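# Fold and contact review
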Amino acid sequence: MAAAMSSCLLSRGLSGPSRRDSSFPRPFASLASHRRVLPASCKMRQRSLSSRSRRPQVKKASPDRPPSIVVNGEGEGGGASAESARSADQEIVSESEEDDSDGVVIDVENENVDTEEVSNSTVLETNLAIVSDTGQHLSSIQVDDLMGMIKSAEKNILLLNQARVSALKDLDNILSEKEALHGEINNLEMKLAETDARIRVAAREKMHAELLEDQLEKLRSELIQRSELSIEKNEHSIYENQNIQLNAEKPSSYQTSAHFLSKELSSLRAENISLKIDIETLKAELNSVKDTDERVMMLEKQRFHLESALKDLESKLSVSQEDVSKLPSLKFEYKDLWEKVENLQPLLDRATAQADQAIVGLQQNQVLRKKVDKLEETLEEANVYKVSSEKLQQYNELMHQKIKLLEERLQRSDEEIHSYVQLYQQSVKEFQDTLNTLKKESRKRMLDEPVDDMPRGFWSHLLLKFDGWLLEKKISADDAKLLREMVWKRDRHICDAYMECKDKSEREALAIFLRLISAPSSPGLYVVHIAAEMAPVAKVGGLGDVVTGLSKALQKRGHHVEIIVPKYDCMQYDRMLDLRALDAVVESYFDGRLYKNKVWVGTIDGLPVFFIEPLHPDKFFWRGQFYGEHDDFRRFSFFSRAALELLFQSGKRPDIIHCHDWQTAFVAPLYWDLYAPKGLDSARICFTCHNFEYQGTAPASELASCGLDVQELNRPDRMQDNSARDRVNPVKGAVVFSNIVTTVSPTYAQEVRTAEGGKGLHSTLNLHSKKFVGILNGVDTDEWNPATDAFLEVQYSFNDLQGKAENKRAIRRQLGLSSANASKPMVGCITRLVPQKGVHLIRHALYRTLELGGQFLLLGSSPVPHIQREFEGIAKQFQNHGDIRLILKYDESLSHRIFAASDMLIIPSIFEPCGLTQMIAMRYGSIPIARKTGGLNDSVFDVDDETIPFQFRNGYTFLNADEQAKKHVVGTELMNLGKYDTHEAEN
């Protein structure tokens, strides 16, 4: 009767919508005309919960960490099937014996769905930390974003209260089930007592039978003795008769009864053993129930912890609101200061006008003086011809009064003119001082400004020239450092020196450059990227795009950037400039000896790049492909050490070494264990994991090939894989040894800290959470610009969208699609066909688009054979169809043209660390239709989501990874877009 009872808890996400980044472009076409009402299943909502049973698994936690509780959520499959023990309505989940750790994995029935506060403790604490950090920087956050965050927190609190009520209900169910289990144990104990009584009765009957047998034997022995003493034959005959009679008198029923008792005793013993086993099992299960009670108590403690965290959040929000209340006063002060600044020029103009008026007044005064002079002359004449007439005397007095009034007016005018002149002179002096100051600052700035009219490739060429001279030992490490610093500053002298020595020999050029050496300081940082990919010469996925785009962005900001990549035989060498091999060989350690490496230099998009070609007999990078070899672990561990050896032997002193994904994750432990003690200690290590699905694990013994100490690193707190003690995990090693660890979007950074998303590394990431951050990727706006894209039939921009229609007509002609209805919507999909990308949703979108009268374009291939065969069959089915085209390969130029021609682009990923497709689509005016996961959740905001500010809404999103959710979104958008295009065509 080996049955077990385990109560289950099911988690779901409690976090509300996060604050969105405002730096992403919106599609060119107005989304307002595409608005539609989505059902509840497609809007911003909590994901639906499943109620599958799952057997408890017991796992050992590491000795230095407490046992963790992992709660399976939606989408997890498979547990042990339930067995009916008492009734059809009561399910009992069988106990699992798969692992023996201290953590417990538990699921829940449908009625226990809302008890999600326990499993979401990690997610909620992370959200609290984000909100807390946001509260510290409210001075730069818009008020609308803050209110959205407050609403999200209130929703989370409501959900947590609902989960608390449901948890209490589940606790009552557990207690009732526990009481029922105790009843069963009591019944079994009663049956065991009855069995023991029957066994004791059977034992007594057996002892009675043995006594009878002993008495029978004694009788036989007495009869034998009598027969020996008897002399007469009659007595012997009598004895025989008596013996026969005694044998006959032995009851046959007695023998049968003894045999039956023996059998029954055996069966009772067997049943007793079985009952004891059942009792032991029930006792073990009772102990499990007690453990469950203890777990419930621990969950209650965690609930109290969450409540205290929520109170802290509320207090921080109140403080944040106070800070927000100060913003209007600051804005008013800013506005007042700005108005005062704007009033300076009118004041100067007014002073100038007043000075002009003063000059006019002065001229008028001069005219008055002339009149006064004439009056004086007239007065003198009057005095000469004065007569004793009263009229003449009165006239004379009147003239004197007028003269006095004129003199007083003249004096007042002189005073006003003098004050105006002083004010004007003062204003002119201040203006002249300000002008002189501005001239001095402008002259100084012109002297200090770097040369900006030279292309980036020019400076990269100079850096590679100096590094080549250093490796060829033509200049010293100090001279190379000083020359590199002058290049970093874009010094005009070094530019003039290059022009001067352009037609001179190398010896003369060396002398000219060495004369320039001084001791300037670099204005920026020296950053070295070590990666396995770099677009466009060695690109498999988004990693290559990020390495190139990030390097160009850092270079534009004044930092010195270099990239080190392997020299593959399958690179696009026609996209490189000035590729040449250095006359120097770098030796690096591997497999117990030194191997030579040939170093090549060149420029890609103006960036200086070093290519390492190992001269190893296994020809590590001459395989015809970038990844997928059986010895990838050895290939890239060799490359990581050779890259550090190049930095060390060339005397470089970078500020930051940035390594990417598991292929170069070896750089972090190699740097701190081997090269920092040698003197290469100026840098800090930054590690970026673009996808935690790929971790590059291998047997621990292979780590010794590159010179690392296996005994020291194959430990739980270092590089030992969390799921196998005899294997090492390069990604885990990089997380432990790097100074900062990043991933490609904030949402993905939260997802990988869960058991489902972390792929085994969630505990390590949580342990190092203080240095782990998610930073959203971006796109290279120079590479992806429809206004300058050379791959397009017609370039276009936001202000001129006619080119988008021209590109749609051009791709229809190129791929043989129908052009009968020019306004027919076109849906594009550019992706790798792997399960991560939602292959089943892509297939469904294809048929749904065809059903609704749109056109569908797919560009991509699959490394999974059965998926590739499936889509090859679909491509063959529609090879002559006018509205469907599947191009099952990667074509760089065609991808640009599909972005430009598509009205919509679908990205239905099951999980997506970041994704660049949706950003490129918006850049080219295509509306993204994406599933809310990872970086898609951070960059695509639904047009109908009222929790998002209207200016940030830029696409359509859905939550569930099923065909119904996708069907509604694609169908509604196609119909809206079809109506819109038809209306535009009519106009």
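If you're wondering where the values come from, they're calculated on a predicted model, not measured in any experiment.

Bringing the overall build of the protein into the picture now. Looking only at helices and strands, the protein features 23 helices and 22 strands. The 987 residues of the protein split such that 45% are buried. Nonlocal contacts in the protein, meaning residues at least 24 apart in sequence, comprise 76% of its contacts between residues at least 6 apart. Only carbon and sulfur atoms are counted for the fraction: they give 52% of the accessible area of the protein, which is about 51,700 Å².

Take the pattern of salt bridges next. Under the counting rule described, the total for this entry stands at 24 salt bridges. Put simply, Asp-631 and Arg-623 hold a salt bridge, and the shortest N to O gap is 2.9 Å. Residue Lys-808 pairs with Asp-903 through a salt bridge whose shortest N-O separation is 2.6 Å. In this pair, Lys-808 is assigned in helix H17 (residues 802-815) and Asp-903 in the loop between helix H20 (892-901) and strand E20 (904-907), connecting sequence segments 95 residues apart. A residue is classified by how much of its surface remains accessible, and Lys-808, at 8% relative accessible area, is buried. Its relative accessible area of 12% is what places Asp-903 among the buried residues. Among the ionic contacts, a cluster of salt bridges with common partners joins Asp-467, Arg-484, Glu-562 and Lys-652.

The six strands are arranged E19-E18-E17-E20-E21-E22 in an open sheet whose pairing can be described as parallel. Two strands bound the open sheet, and with one partner strand each, they are strand E19 (884-887) and strand E22 (956-958). Pairs of neighbouring strands in the sheet enclose a mean axial angle of 15°, with direction left out of account. The strands touched by H20 within the sheet are strand E17 (826-830), strand E18 (855-859), E19 and E20, with E17 carrying the most contacts at an inclination of about 145°.

Going through the model one piece at a time under the given rule, you end up with 23 aromatic pairs. Judged by centre distance (6.3 Å) and plane angle (85°), the ring pair of Phe-692 and Phe-772 falls under edge-to-face. With a gap of 80 residues between them, Phe-692 in the loop between strand E12 (684-689) and strand E13 (698-699) and Phe-772 in strand E16 (residues 772-774) connect regions that are remote in the sequence. Across the pair, exposure class does not vary: Phe-692 and Phe-772 are buried alike. Between Phe-899 and Tyr-924 the ring centres are 6.1 Å apart and the planes differ by 35°, which places this aromatic pair in the tilted class. Pair noted here: Phe-899 is in helix H20 and Tyr-924 is in the loop between helix H21 (917-923) and strand E21 (927-931), with a separation of 25 residues, a long-range link. Tyr-924 shares its class with Phe-899; the two are buried. Connected via pairs of aromatic rings, a cluster forms that spans Tyr-568, Phe-621, Phe-626, Tyr-627, Phe-633, Phe-636, Phe-639, Trp-662 and Phe-666.

Bringing the sheet that holds strand E9 (residues 593-604) into the picture now. Ordered in space as E8-E9-E10-E7-E6-E11-E12-E15-E16, the nine strands form an open sheet in which the pairing is mixed. The outermost strands of the open sheet, each flanked by one partner alone, are strand E8 (577-590) and E16. Ignoring which end each strand starts from, the neighbouring axes of this sheet average 25° apart. Pairing analysis gives three bridges linking strand E15 (residues 740-743) to E16, with the strands arranged parallel. The residue bridging Thr-743 from the neighbouring strand is Gly-774, located in E16. Each of strand E6 (526-530), strand E11 (656-660) and E12 touches helix H12 (residues 667-675); the most contacted strand, E12, lies at about 165° to it.

Together, Asp-373, Glu-376, Glu-377, Glu-380, Glu-381, Glu-407 and Glu-408 make up a region of like negative charge exposed at the surface. Those elements giving two or more residues to the negative patch turn out to be helix H4 (252-384) and helix H5 (390-448). In terms of residue count, the dominant contributor to the negative patch is H4 (five residues). When you line up the elements, Glu-407 lands in helix H5. Judged by its relative accessible area of 44%, Glu-407 falls in the partly exposed class.

We now examine unusual backbone geometry. Looking along the chain, the bond that leaves Ala-535 and enters Pro-536 is cis, with omega of 0°. Here Pro-536 shows up in the loop between E6 and helix H10 (542-556). You will see that Asp-578, though not glycine, has its phi angle at about 55°, which is positive. Here Asp-578 shows up in strand E8.

Across its 13 residues, helix H19 (residues 865-877) extends 18 Å between first and last C-alpha, which sits within 8% of the 18 Å expected from 1.5 Å per residue. Within H19 the residues assigned to the buried category are Ile-867, Gln-868, Phe-871, Ile-874 and Ala-875. Seen along its axis, H19 keeps its buried residues to an arc of 125°; they face one direction. Counted as exposed and oriented over 90 degrees from the buried face of H19: Pro-865, Arg-869, Lys-876 and Gln-877.

Together, Ile-740, Val-773 and Ile-775 give the surface a local cluster of nonpolar side chains, amounting to about 230 Å² of exposed area. Along the polypeptide, Val-773 turns up in strand E16.

Time to look at the pairing of E21. Extensive coverage of E21 is indicated by the burial of five of its five residues. Note that E20 and E21 share four bridges and pair parallel. Paired with Ile-906 across the bridge in E21 is Ile-929. Crossover connection from E20 via H21 to parallel E21: handedness right-handed. Pairing of E21 with E22, which is carried by three bridges, proceeds in the parallel orientation. Across the sheet, the residue bridging to Ala-930 is Thr-957, located in E22. Handedness of the β-α-β unit built from E21, helix H22 (residues 934-939) and E22 comes out right-handed.

To continue, consider the environment of Trp-469. Within the fold, Trp-469 resides in helix H6 (residues 456-471). Trp-469 gets classed as buried once you look at its relative accessible area, which sits at 4%. Sequence separation between Trp-469 and Ala-480 is 11 residues, and the spatial gap between their C-alpha atoms is 8.2 Å. Setting aside anything within four residues of it in sequence, one finds Trp-469 in contact with Lys-474, Ile-475, Glu-506, Ala-509, Leu-510 and Phe-513.

With that out of the way, let us pick up the pairing of E12. By the criterion of burial, E12 is predominantly enclosed, with five of the six residues buried. Across five bridges, E11 lies against E12 in parallel orientation. Across the sheet, residue Ile-657 finds its bridge partner in E12, namely Ile-685. In terms of handedness, the path from E11 via H12 over to E12 forms a crossover that is right-handed.

Here we come to the confidence of the model for the protein. Averaged over all residues, the pLDDT of the protein equals 77, while 75% of them reach at least 70. Here residues 1-132 is modelled with pLDDT under 50, and outside its nearest four sequence neighbours on either side it reaches 313 contacts, counting other chains as well. Below pLDDT 50 for its whole length, residues 134-139 participates in eight contacts with residues either more than four positions away or in separate chains.

Once that is clear, we can look at the nonpolar core. Counting residues in each nonpolar core, the largest one holds 108 residues, and the members touching the most others are Phe-513, Ile-564, Ile-657, Phe-692 and Leu-703. Not counting chain neighbours up to four residues away, the residues in contact with Ile-564 comprise Val-528, His-529, Ile-530, Ala-531, Phe-610, Ile-612, Phe-639, Ala-643, Leu-646 and Leu-647. Formed by 25 residues, the second largest nonpolar core is a distinct cluster that contains Val-827, Cys-829, Ala-845 and Ile-874.

Okay, the packing of H17 against H20 next. It is at 8 Å that the axes of H17 and H20 come closest, and there the two elements cross at 125°. Classed by the angle they form, the pair H17 and H20 counts as oblique. Seen along the crossing, H17 lies across H20 with a hand that is left-handed. Touching Lys-804, Asn-807, Lys-808, Ile-811 and Gln-814 of H17 are Leu-894, Arg-897, Ile-898, Phe-899, Ala-900 and Ala-901, all from H20.

Our next topic: the environment of Arg-593. Note on placement: Arg-593 falls in strand E9. By relative accessible area, Arg-593 is classed as partly exposed at 46%. Separated by 113 residues in sequence, Arg-593 and Cys-706 place their C-alpha atoms 9.9 Å apart.

Attention shifts here to the packing of helix H11 (residues 632-649) against H12. Here H11 crosses H12 at 50°, and the two axes come no closer than 10 Å. Between H11 and H12, the angle falls in the class oblique. For the element pair H11 and H12, the recorded crossing hand is right-handed. The residues of H12 that touch H11, namely those facing Ser-640, Arg-641, Leu-644, Glu-645 and Phe-648, are Val-667, Leu-670, Tyr-671, Leu-674 and Tyr-675. Across the contact of H11 with H12, the residue classes break down as seven nonpolar, one polar and two charged.

Rules of the game
Residues numbered from 1 in each chain as written. Predicted model: local features only at pLDDT ≥ 70, side-chain atom pairs only at ≥ 80, totals over all residues. Heavy atoms only, no water. Helix = DSSP H or I, 4+ residues; strand = E, 2+ residues; numbered from the N terminus. Buried < 20%, exposed > 50% of the residue type's maximum accessible area, 1.4 Å probe, protein only. Contact = heavy atoms within 4.5 Å. Areas by Shrake-Rupley, 256 points an atom, 1.4 Å probe, with all protein chains shown as cover. Salt bridge = Lys/Arg side-chain N within 4 Å of Asp/Glu carboxyl O. Pairing = 2+ DSSP bridges. Axes fitted to C-alpha atoms, helices over the stretch in contact; angles between N-to-C directions. Phe/Tyr/Trp six-rings, centres within 6.5 Å; stacked < 30°, edge-to-face > 60°. Patch = residues over 30% accessible without salt bridge, like charges linked within 9 Å, V, L, I, M, F, W, Y side chains within 5 Å. Lys, Arg positive; Asp, Glu negative; His and termini not counted. Charge placed at Lys NZ, Arg CZ, Asp CG, Glu CD. Expected span 1.5 Å × (residues − 1). Arc of directions from axis to C-beta. Right-handed = clockwise from strand over helix to strand, strands pointing away. pLDDT = per-residue confidence, 0-100. Core = buried A, V, L, I, M, F, W, Y, C linked by side-chain atoms within 4.5 Å. Parallel < 35°, antiparallel > 145°, perpendicular 65-115°, else oblique. Left-handed = near helix turned anticlockwise from the far one by under 90°. Nonpolar A, V, L, I, M, F, W, Y, C, P; charged D, E, K, R; others polar.

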